[in-house]
Amino acid sequence: MSMAEAISQRDLRLRSKQIMDAVEDGRSFTVTRGGHSIGELIPLRRPRTFVSREQFQAGRAGLSPLDLQQFRDGIDGVINSEVDDPYER
């Protein structure tokens, strides 16, 4: 999420429709009064959409099956599995 734009309480009162439209489009604002932050206007989270098992299976129909050994080898190639002792001198 990007940094919230600061707006004064007066600006909020004068441009409330524009600001609320911007919040609806995903922008966030920090409301100030006397130069001090007093609140935030942030968009609400979108409700999750339920996906049925049939929809999920239909969506993954064209994908190849997961090769677990290949997956593990890929992870091992990226992650250092050795434990380092931070207190070792």
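Residues numbered from 1 in each chain as written. Predicted model: local features only at pLDDT ≥ 70, side-chain atom pairs only at ≥ 80, totals over all residues. Heavy atoms only, no water.

So, the overall build of the protein
For the record, the criterion: Numbered from the N terminus, helices here are DSSP runs of H or I no shorter than four residues, and strands are runs of E no shorter than two. Residue burial is assigned from relative accessible area. The probe radius is 1.4 Å, only protein chains are included, and a residue is buried under 20% of its type maximum, exposed over 50%, and partly exposed in between. Contact criterion: two residues are considered in contact whenever any of their non-hydrogen atoms come within 4.5 Å of each other. For the accessible areas, the method is Shrake-Rupley and the probe is 1.4 Å, while residue cover comes only from the protein chains on display. Only four residue types enter the charge count: Lys and Arg as positive, Asp and Glu as negative, with His and the chain ends excluded. By convention, charge coordinates are those of NZ in Lys, CZ in Arg, CG in Asp, or CD in Glu.
The number of helices and strands found in the protein is four helices and three strands. Along its sequence from the N terminus, the protein presents helices and strands in the succession β-α-α-β-β-α-α. In terms of overall dimensions, the protein has C-alpha extents of about 60 × 55 × 15 Å along its principal axes. Buried positions account for 13% of the 89 residues belonging to the protein. The long-range share in the protein, meaning contacts at least 24 apart out of those at least 6 apart in sequence, stands at 25%. A total of about 8,700 Å² of accessible surface is found on the protein, and carbon and sulfur atoms cover 52% of it. Between the mean site of the 13 positive side-chain charges and the mean site of the 14 negative ones, the protein shows a separation of 14 Å.

Looking at the nonpolar core
Operational definition: Put simply, buried Ala, Val, Leu, Ile, Met, Phe, Trp, Tyr and Cys residues joined by side-chain atoms within 4.5 Å make one nonpolar core.
Formed by Ile-7, Leu-12, Ile-19, Ala-22, Val-23, Phe-29, Val-31 and Leu-41, the largest nonpolar core amounts to eight residues. For this core, the elements supplying multiple residues, two or more each, are helix H2 (16-24) and strand S2 (29-33). Of all the elements, H2 adds the most residues to this core, at three residues.

Here's the deal with the confidence of the model for the protein
We count it as follows: As a per-residue quantity, pLDDT reports the predictor's confidence and falls between 0 and 100.
The share of residues in the protein with pLDDT of 70 or more is 98%, and the mean pLDDT across the chain is 88. Mean pLDDT across the elements of the protein ranges from a minimum in helix H4 (residues 68-78), with 88, to a maximum in S2, with 96.

A closer look at the pattern of salt bridges
Short version of the rule: Only one rule defines a salt bridge in this text: a Lys or Arg side-chain nitrogen within 4 Å of an Asp or Glu carboxyl oxygen.
Scanning the model with the defined rule gives three salt bridges in all. Where Arg-27 meets Glu-5, a salt bridge forms, and the shortest distance between an N and an O atom there is 2.5 Å. Remark: Glu-5 occurs in strand S1 (residues 5-8) and Arg-27 occurs in the loop between H2 and S2; sequence separation between them is 22 residues. Arg-27 gets classed as partly exposed once you look at its relative accessible area, which sits at 43%. Asp-21 is the salt-bridge partner of Lys-17, the closest N and O atoms lying 2.7 Å from each other. One end of the pair is Lys-17 and the other is Asp-21, both in helix H2 and four residues apart, which spans about a single turn. For Lys-17, a relative accessible area of 60% puts it in the exposed group.

So, a negative patch on the surface
Spelled out, the test is: What goes into a patch is any residue over 30% in relative accessible area without a salt bridge, connected to like charges within 9 Å or, for nonpolar side chains (Val, Leu, Ile, Met, Phe, Trp, Tyr), within 5 Å.
There is a patch of like negative charges on the surface, built from Glu-82, Asp-84, Asp-85 and Glu-88. Mapped onto the elements, Glu-88 comes out in the segment after H4.

Observations concerning the side chain of Thr-30
Looking at where Thr-30 falls in the secondary structure, it is placed in strand S2. Every residue in contact with Thr-30, bar those within four places of it in the chain, is listed here: Ala-4, Glu-5, Ala-6, Ile-7, Ser-37, Gly-39 and Glu-40.

Quick notes on the sheet that holds strand S3 (residues 36-41)
The strands making up a sheet associate through backbone hydrogen bonding, with each pair oriented either parallel or antiparallel. Put simply, the rule reads: Pairing between two strands requires that DSSP report at least two bridges joining them. Axis definition: a line fit to C-alpha positions, over the contact stretch in the case of helices; interaxial angles, taken between N-to-C directions, run 0 to 180 degrees.
Strand order in the open sheet formed by three strands is S1-S2-S3, with mixed pairing between adjacent strands. In this open sheet, the two strands that pair with only one neighbour each are S1 and S3. Mean inter-strand twist for the sheet, computed between neighbouring axes without regard to direction, equals 35 degrees.

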